[in-house]
Amino acid sequence: MAEPKLDGLAVELVYEKGLLSIGSTRGDGRTGEEITQNLKTIRSIPLRLDASQNIQIPELLDVRGEAYLSLQGFTALNEQRLEAGESVFANPRNAAAGSLRQLDSKITARRPLDFFAYGISDTGQIPCSSQEELLDYLDKLGFSINPLTKFCGDISQVVEHFSHLQDIRQTLPYDIDGMVVKVNSFELQQRLGSKARSPRWAIAAKFAATQATTILQDVEFQVGRTGAITPVAILEPVNVGGVVVSRATLHNSGEINRKGLMLGDQVLIQRAGEVIPEIVKPVVEQRDGSQKDILMPENCPICQHRLIL
């Protein structure tokens, strides 16, 4: 089975007698963080399993899947944070994780989180003999299953589907950073077993990062609602993965100093999480002495009031 690898947060959902009782992050595979109330705000996570199709539902069922944020929701969330003078999330995964770790579930409920199920902890509990049958079983219970998941009869079909996902990834409403390939048969999965942190019957194939070089022409300073100043890089427009990029957030002065950026630098940029433009590093060997230091303002760029650290 070839399944898109979403850039979200892996979670586990425990159902007792068909009712969602506990939801948690996967953590290190042994210990996670309990976030039940936040997960209950995601509409695609059923609070009660669908028993209408007359299929066997175990007394205890532990469902695994990925909570994620759509690209549209991710962009809107970061725009709100910039206006409020808050730091933006670097990628959809961080945004999903931050949303699900809120202390107030009302905040989580306002964020457009979604969920795809892809497995369970104990395949011996259910009337299925393969990953393909399991996904159909979870679909009948009321879970969302990624429609781009595909059964592959041989390795050439796996490679073909990987290329297909790579070709269409820019058109999807959510971010994927690769594909997970799983042995379909549960019997073979058990024979293959697992290593300390991962199963031997599954492997992740990741896409190459989309990067380009351009010129850092200027830095503008934006003022959020809280008064925090955020530097924004003004770039010579460049196409990165099918999107023309001309601006990138620099977060704060610490980020600028850590990367050693200067005005006029040729810089390597990428779309973090294939969404938000970010500067990876300056191309130092291309400097010709015309570059200038980036100076943080001492006064507010709007009202000219003296800034307070």
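Residues numbered from 1 in each chain as written. Predicted model: local features only at pLDDT ≥ 70, side-chain atom pairs only at ≥ 80, totals over all residues. Heavy atoms only, no water.

Visitor: I'd like a rundown of the packing of aromatic side chains, residues and numbers included.
Guide: Scanning the entire structure with this criterion turns up five aromatic pairs. Aromatic side chains Tyr 68 and Tyr 174 sit 5.5 Å apart centroid to centroid with 65° between the ring planes, which places their arrangement in the edge-to-face category. You can see Tyr 68 sitting in strand β4 (residues 60–69) and its partner Tyr 174 sitting in the loop between α6 (155–168) and β6 (176–182), a full 106 residues away along the chain. A relative accessible area of 7% means that Tyr 174 is categorised as buried. Judged by centre distance (5.8 Å) and plane angle (75°), the ring pair of Phe 116 and Tyr 174 falls under edge-to-face. With Phe 116 in strand β5 (residues 113–120) and Tyr 174 in the loop between α6 and β6, the pair connects residues that are 58 residues apart, well separated along the chain. Phe 116 sits in the buried class, given a relative accessible area of 11%. (Phe/Tyr/Trp six-rings, centres within 6.5 Å; stacked < 30°, edge-to-face > 60°. Helix = DSSP H or I, 4+ residues; strand = E, 2+ residues; numbered from the N terminus. Buried < 20%, exposed > 50% of the residue type's maximum accessible area, 1.4 Å probe, protein only.)

Visitor: Describe in detail the sheet that holds β6, supporting the description with residues and values.
Guide: Taken in spatial order, the three strands of this open sheet run β1-β6-β7, and their pairing is antiparallel. Each having just a single partner strand, β1 (2–6) and β7 (202–206) make up the two edges of the open sheet. In this sheet, adjacent strand axes meet at a mean angle of 30° when their direction is disregarded. Running over the sheet, α6 touches β1, β6 and β7 and is turned about 165° from β6. (Pairing = 2+ DSSP bridges. Axes fitted to C-alpha atoms, helices over the stretch in contact; angles between N-to-C directions. Contact = heavy atoms within 4.5 Å.)

Visitor: So what about the sheet that holds β4? Which residues, and what values?
Guide: An order of β3-β2-β4-β5 is seen for the four strands of this open sheet, with the pairing classed as antiparallel. Strands with a single pairing partner mark the edges of an open sheet, and in this sheet they are β3 (19–25) and β5. Neighbouring strand axes in the sheet, compared pairwise and without regard to direction, differ in orientation by 30° on average. Bridging between strand β2 (residues 9–16) and β4 involves eight bridges; their strand directions are antiparallel. By the bridge assignment, Tyr 15 is partnered in β4 with Leu 61. Here helix α3 (residues 92–100) sits on the sheet and contacts β2, β4 and β5; the angle it forms with β4, its principal contact strand, is near 125°.

Visitor: I'd like a description of the pattern of salt bridges, backed by residues and values.
Guide: The final tally for this structure, using the stated rule, is 13 salt bridges. A salt bridge links Arg 81 to Glu 86, with the nearest nitrogen and oxygen atoms 3.8 Å apart. Exposure remark for Arg 81: the relative accessible area of 16% places this residue in the buried category. Look at Glu 86 and you get partly exposed, because its relative accessible area is 38%. Lys 206 is the partner of Asp 177 in a salt bridge, and the nearest nitrogen-oxygen pair spans 3.7 Å. Taken together, the residues Asp 177 in strand β6 and Lys 206 in strand β7 connect sequence positions 29 residues apart. With a relative accessible area of 14%, Asp 177 lands in the buried category. (Salt bridge = Lys/Arg side-chain N within 4 Å of Asp/Glu carboxyl O.)

Visitor: Go over the nonpolar core with me, naming the residues and quoting the values.
Guide: Leu 13, Tyr 15, Val 63, Leu 100, Leu 138 and Phe 143 are the most contacted members of the largest nonpolar core, which totals 36 residues. Elements that contribute at least two residues to this core include exactly β2, β4, α2 (71–83), α3, β5 and α5 (131–141). No other element matches the five residues that α5 contributes to this core. (Core = buried A, V, L, I, M, F, W, Y, C linked by side-chain atoms within 4.5 Å.)

Visitor: Which residues make up the environment of Asp 293, and what values do they have?
Guide: Positionally, Asp 293 belongs in strand β14 (residues 292–293). Of the residues examined, Asp 293 reaches a relative accessible area of 55% and is grouped as exposed. Residues Asp 293 and Leu 307, spaced 14 residues apart in sequence, show a C-alpha to C-alpha distance of 20 Å.

Visitor: For the pairing of β5, give the residues involved together with the corresponding values.
Guide: Among the eight residues that make up β5, six are buried, leaving the element largely enclosed by the rest of the structure. Bridge count between β4 and β5: seven bridges; the pairing is antiparallel. Directly across from Gly 65, in β5, lies its bridge partner Ala 117.

Visitor: Mind laying out the packing of α2 against α3, listing which residues take part and the relevant values?
Guide: Contact pair α2 / α3: the axes reach a minimum separation of 10 Å and the direction vectors enclose 75°. For the element pair α2 / α3, the angle class is roughly perpendicular. Across from Leu 71, Phe 74 and Leu 77 in α2, the residues of α3 making contact are Pro 92, Ala 95 and Ser 99. Taken together, the residues that form the contact of α2 with α3 break down as five nonpolar, one polar and no charged. (Parallel < 35°, antiparallel > 145°, perpendicular 65-115°, else oblique. Nonpolar A, V, L, I, M, F, W, Y, C, P; charged D, E, K, R; others polar.)

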